Amino acid sequence: MLTAPDRLILVIGDPFVSAAAMAAPLRPLLPAGYAVVEHDWPIALEEAVEVNRVVERAGPDAARLAPLPDLDAERLAGVVTGFHPLTASTLSGWPRLSFVATLRAGTEHIDDAELRRRGVPLVNNAGRNANAVAEFTVASILGHLRHVGEGHHAIRTGGWRPTAPKRGYQELSGATVGLVGFGAVGALVARRLRGFETRVLVSDPWADLSGHAGVRGVPLPELLREADIVSLHARLTPQTRHLLGAAELDLLAPHALLVNTARAELVDEEALVERVVDGRIAGAVLDVFGTEPLPRDHPLRVLPSVSLSPHLAGSTVQARTRAPALLAERIVAVLRPSGSQVAAPGGSLL
Ligand SMILES: NC(=O)C1=CN([C@@H]2O[C@H](COP(=O)(O)OP(=O)(O)OC[C@H]3O[C@@H](n4cnc5c(N)ncnc54)[C@H](O)[C@@H]3O)[C@@H](O)[C@H]2O)C=CC1
Ligand SMILES: O=C(O)C(=O)COP(=O)(O)O
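One structure accompanies this document, and this report is about it. Residue positions are given per chain, counted from 1 along the sequence in the order it is written. By the order in which they are written, chains take letters starting at A while ligands take numbers starting at 1. Per-residue local features of the predicted model are confined to residues with pLDDT of at least 70, and side-chain atom pairs are confined, for both listing and counting, to 80 or more; whole-chain, interface and lining totals are unaffected and use all residues. Excluded from the side-chain calculation are hydrogens and water; included are all heavy atoms of the structure.

**Notes on the overall build of the protein chain**
Here comes step 1: Along the backbone of the protein chain there are eleven helices and twelve strands.
Here comes step 2: Each radius of gyration is computed over the set of C-alpha atoms, and the globule rule expresses the reference value as 2.2 Å times the number of residues to the power 0.38. The C-alpha atoms of the protein chain give a radius of gyration of 22 Å, which matches the 20 Å a tight globule of 350 residues would have.
Here comes step 3: In terms of overall dimensions, the protein chain has C-alpha extents of about 75 × 45 × 30 Å along its principal axes.
Here comes step 4: Buried residues are those whose accessible area, probed at 1.4 Å on protein chains only, stays under 20% of the maximum for their type, while exposed residues exceed 50% and partly exposed ones sit between those limits. Scored against the burial criterion, the 350 residues of the protein chain give a buried share of 49%.
Here comes step 5: Residues count as neighbours in contact if any of their non-hydrogen atoms are within 4.5 Å of one another. If you take every contact in the protein chain between residues at least 6 apart in sequence, the share linking residues at least 24 apart comes to 62%.
Here comes step 6: Positive and negative side-chain charges in the protein chain, numbering 34 and 37 respectively, have mean positions lying 4 Å apart. Labels follow the DSSP assignment, with helices taken as runs of H or I lasting at least four residues and strands as runs of E lasting at least two, numbered in each case from the N terminus. When charges are counted, Lys and Arg are positive and Asp and Glu negative, with His and the chain ends excluded. Where a charge sits is defined by one atom per residue type, namely NZ (Lys), CZ (Arg), CG (Asp) or CD (Glu).

**What to know about the pairing of strand β3 (residues 76–81)**
Each regular strand displays side chains that alternate between the two surfaces of the sheet.
Here comes step 1: For β3, a buried count of six out of six residues is recorded, marking the element as mostly surrounded by other parts of the structure.
Here comes step 2: For strand β1 (residues 7–12) and β3, the ladder comprises five bridges, and the chain directions are parallel. When the bridges of β3 are listed, I12 appears paired with T81.
Here comes step 3: Should DSSP find at least two bridges between two strands, the strands are regarded as paired. Both β3 and strand β4 (residues 99–102) contribute to a ladder of four bridges, which runs parallel. Paired with G78 across the two strands is F99, which belongs to β4.

**Structural notes on the side chain of R104**
Here comes step 1: Position of R104 relative to the elements: it lies in the loop between β4 and α4 (112–118).
Here comes step 2: Judged by relative accessible area, which is 4%, R104 ranks as buried.
Here comes step 3: One polar contact links R104 to E56, side chain to side chain, over a distance of 2.9 Å.
Here comes step 4: Setting aside anything within four residues of it in sequence, one finds R104 in contact with N52, E56, G82, F83, H109, N124, N125, R128 and R263. Pairs of N or O atoms are called polar contacts if they sit within 3.5 Å, as long as, within protein, a hydrogen donor faces a hydrogen acceptor (for residues adjacent in sequence, only side-chain-to-side-chain pairs).

Structure representation (structure tokens):
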């Protein structure tokens with residue numbers, strides 16, 4: 001006889017990945033007695049991005065939230081969200097949660113203090129698009145050094161070779177690259193760089209560098225002084241905001257290139273612009289900005305020594321396809337009975 005499932009899992013999709021795509025790999029892995037309720041976040045991509053920027057800066061309570069379905073809270077065992085924020089007040093209406101999960105690696109959009117207090121594990125999706133970001137980082141460094149964008153633009157606008165670049169066309173091989181942050185993305189960037197015969201310096205107070213051949217851990221000031229290319233891969237937290245302020249930027253060599261595919265607020269953007277304008281820093285490669293989309297009259301738009309991309313580093317077909325399956329495995333590990341991998345109470349599994 002068929003009985004109604006007594007435990008529900010709410011899956012909240014977003015404009016990047018639908019609830020159906022998120023739920024598909026999870027459903028067949030769930031133990032008996034669980035049912036999935038799919039709910040799409042009915043807002044446009046632009047607004048979703050804006051809500052998430054607000055959340056990353058100010059925490060989930062600052063977001064404008066779309067209403068979630070009215071479910072029997074006593075039966076709600078888990079919630080899976082993409083970028084949709086989950087505030088303390090939303091979570092407090094669900095007293096029987098066994099887990100909360102997000103398709104993202106970052107968990108800024110979830111009030112984890114509330115979960116920690118209740119001992120509910122928060123499952124995140126570390127590394128879901130790390131390869132996408134790592135490849136993009138290396139590609140945009142190479143593109144910048146060889147002026148690929150300018151060449152393309154020159155041909156598109158009826159010309160041929162672009163105006164000769166000030167420092168000529170540079171090779172990556174032989175350069176000293178400094179990675180600030182050595183988590184999922186930073187470690188992969190180091191691996192991808194190995195084939196280019198670069199010297200790699202790392203500054204990350206918490207990373208274990210053993211097992212990573214060819215990288216040397218150094219204090220941040222040393223990295224900033226020595227690197228030809230500094231690439232940022234730390235997460236944005238209150239502690240890492242303006243990790244590179246004016247004083248740190250002044251340690252960079254005059255020929256140095258600053259690369260940021262992580263978060264704009266890791267750097268004092270105004271101080272960076274000033275230094276690129278007056279030539280104290282040779283150039284920058286930026287995928288992330290204090291305001292996105294970048295305002296039309298922003299000085300970065302016209303600086304010749306800066307290569308820009310519209311927050312694209314993590315967006316690949318492979319990353320989006322891989323993420324729901326990767327997360328489903330991680331959720332099921334939390335739901336499994338004792339003896340299997342279980343997150344620390346209130347902690348993140350990964
Ligand atoms: N542009 C894009 O499309 C995307 C950007 N990102 C960004 O890429 C960055 C890296 O992401 P993941 O590698 O997944 O993060 P992760 O959490 O795996 O690694 C971050 C690392 O930063 C380190 N860290 C913390 N404080 C530090 C400090 N003061 N100095 C140096 N290192 C410090 C941590 O120890 C950790 O190893 C994040 O900012 C993330 O938001 C991620 C995905 C897409
Ligand atoms: O910055 C982006 O575009 C991201 O995709 C961040 O996602 P994450 O939290 O690293 O999974």
